[in-house]
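Structural characterization, general
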Amino acid sequence: LVPEDRKGQGLILGMAVRQNMTLARLAEFSQLGFIKRGAEAHDVEEFVQRFQIRTPGIERQVVNLSGGNQQKVVIAKWLMLQPKILIMDEATSSIDGNSDILIQTALRTRFVDSTIITIAHRLDTVAPCDKILILDNGLINDYDSPSNLLDKDSIFTELVEASVQSNALKIR
């Protein structure tokens, strides 16, 4: 689960970027009770570069990063694990558009055999999804591909039209 609440559910603020990003994979980096720091640092550096996490170094305490960079650390932690099922709960709501594109690209290229459940209110976050389930007052209103939903008279169509008119939705 990649939560929206990074401080309360996604990070241990007093720990370093490296420690937070590898927490879910400690068993892989451990041998006889010792952490293989070289392998750990290599993987962390790769994701820091890929997601353009702005930090002076991987030993920097995550509490000292901006909110957007903290959220990238949370997302990177779970992407490094490469789970078969990943739930993204408003995971990109606090990051900028360019970072969102980097993360969406990583999801599409590295997780082709995985199921990703994205919970989001931003249309540009759900637009690249294979299927969209629309909830309205707690009930399933519709479920289909984005293109099929646009062909229907649906809440999704109304939201897209309103976003395009207000110039809030950027088609990638």
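I will try to describe carefully the structure that is included in this document. (Residues numbered from 1 in each chain as written. Predicted model: local features only at pLDDT ≥ 70, side-chain atom pairs only at ≥ 80, totals over all residues. Heavy atoms only, no water.)

**Digging into the packing of helix α5 (residues 67-81) against helix α6 (residues 97-110)**
Formally: Between N-to-C directions, angles cover 0 to 180 degrees, with each direction set by a line fitted to C-alpha atoms, over the stretch in contact for helices. Strands here are runs of E lasting at least two residues and helices are runs of H or I lasting at least four, both read from the DSSP assignment and numbered beginning at the N terminus. By definition in this entry, angles of less than 35 degrees are roughly parallel, angles greater than 145 are roughly antiparallel, angles of 65 to 115 are roughly perpendicular, and the rest are oblique. Whether two residues are in contact is decided by their heavy atoms, any of which lying within 4.5 Å being enough. Side-chain classes are defined by residue name, with Ala, Val, Leu, Ile, Met, Phe, Trp, Tyr, Cys and Pro counting as nonpolar, Asp, Glu, Lys and Arg as charged, and the others, Gly among them, as polar.
Across the interface, α5 lies against α6 with an axial gap of 12 Å and an inter-helix angle of 5°. Relative to α6, the element α5 lies roughly parallel. For the pair formed by α5 and α6, the contact residues are K72, I75 and L79 on the first element and S99, I103, A106 and L107 on the second. When its residues are assigned to classes, the contact of α5 with α6 shows five nonpolar, one polar and one charged.

**A look at the side chain of Q70**
Rules: Summary of the burial criterion: residues with accessible area below 20% of their type's maximum are buried, those above 50% are exposed, and those between are partly exposed, where the area comes from a 1.4 Å probe applied to protein chains only. N or O atoms closer than or at 3.5 Å make up a polar contact, with two conditions inside protein: a donor-capable atom paired with an acceptor-capable one, and, for residues adjacent in sequence, both atoms drawn from side chains.
In this fold, Q70 is placed in helix α5. Overall, Q70 belongs to the buried group, its relative accessible area being 2%. Looking at Q70, its side chain comes within polar contact range of the main-chain oxygen of V62, at 3.0 Å. Leaving out residues up to four positions away in the same chain, Q70 has contacts with R6, K7, L11, L13, V62, V63 and L65.

**Points about the nonpolar core**
Defined as follows: Throughout this description, the term nonpolar core refers to a set of buried Ala, Val, Leu, Ile, Met, Phe, Trp, Tyr and Cys residues connected via side-chain atoms within 4.5 Å.
Of all hydrophobic cores here, the largest spans 26 residues; its most connected members are M21, F51, V73 and L79. Broken down by secondary-structure element, the contributors of at least two residues to this core are α2 (17-22), α4 (37-50), α5, β3 (85-89) and α6. Not counting the four nearest positions on each side in its chain, L79 is found in contact with F47, F51, L86, A106, L107 and F111. By size, the runner-up hydrophobic cluster in this structure holds seven residues, among which are L123, I134, F156 and V160.

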